[in-house]
Amino acid sequence: MSREVSSQVVYAIVRAGGRQEKVSIGDLVTLDRVAGEAGSTVELPALLLVDGDKVTSDSKTLANVKVTAEIVEDLRGPKISIMKYKNKTGYKKRQGFRAELTTVKVTGIDA
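Here the residue index of a chain counts from 1 through its sequence in written order. Given that this is a predicted model, residues contribute local features only at a pLDDT of at least 70 and side-chain atom pairs are listed and counted only at 80 or more, while totals for whole chains, interfaces and linings are drawn from all residues. Each side-chain value is derived from all of the structure's non-hydrogen atoms; neither hydrogens nor water enter the calculation.

Peer 1: Can you walk me through the pattern of salt bridges in this structure?
Peer 2: Pairs can form between side chains of opposite charge once their charged atoms are near each other. Salt bridge criterion: a side-chain nitrogen from Lys or Arg within 4 Å of a carboxyl oxygen from Asp or Glu. For the structure on display, the rule yields 5 salt bridges. For R33, the salt bridge is made with E100, and the minimal N-O distance between the two is 2.8 Å. In this pair, R33 sits in the loop between β3 (28–32) and β4 (41–44) while E100 sits in strand β10 (residues 100–110), placing the two residues 67 residues apart along the sequence. A network of salt bridges, in which partner residues are shared, links R33, D74, R76 and E100. Secondary structure elements follow DSSP: runs of H or I of four or more residues count as helices, runs of E of two or more count as strands, with numbering from the N terminus.

Here it is as structure tokens:
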């Protein structure tokens, strides 16, 4: 007995904030800060599109693909402590960093 299983999973790999993220419709993704207010829409450039068994990676075809997302909120990441120290010289430097982040909800992948 042979059974055919066809998956209708649709997802895209998008470039966002210097990284690549795998997104599908309804996903909440945390990115580096995106300009815009909560509730506004942003468009993310697609690098790869998977629609069931069909995989699209051609740059000309991907130029027509639109991945839209709605900004949910702006937030800040966890605090990172940076300490520099040199022995026998009295040199100490203490610094902190918190990344500016944005949470977005993917609303559509239009091929």
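There's more to say after this.
Peer 1: Where do I start with unusual backbone geometry in this structure?
Peer 2: Most of the time, phi is negative for any residue but glycine, and the peptide bond is trans. One non-glycine residue, K88, lies in the positive phi region at around 65°. In this structure, K88 sits in the loop between β8 (80–86) and β9 (91–97). Three exposure classes are used, based on accessible area relative to the maximum for each residue type with a 1.4 Å probe and protein chains only: buried under 20%, partly exposed in between, and exposed over 50%. Residue K88 is classed as exposed on the basis of its relative accessible area of 79%.

Peer 1: Would you mind showing me how to read the sheet that holds strand β1 (residues 10–16) here?
Peer 2: Hydrogen bonding along the main chain pairs the strands of a sheet, whether they run parallel or antiparallel. Strand pairing requires that DSSP identify at least two bridges connecting the strands. Spatial ordering of the open sheet is given by β2-β1-β5-β6, a layout of 4 strands whose pairing is antiparallel. Only two strands of the sheet have a single neighbouring strand rather than two, namely β2 (19–23) and β6 (54–56). Across the sheet, the axes of successive neighbouring strands diverge by a mean angle of 10°, strand direction being ignored. Sheet topology note: the β1/β2 ladder contains 5 bridges and is antiparallel. Across the sheet, A16 pairs through a bridge with R19, a residue of β2. For helices, the axis comes from a line fit to the C-alpha atoms of the stretch in contact; other axes are also lines fit to C-alpha atoms, and the angle between any two N-to-C directions lies between 0 and 180 degrees.

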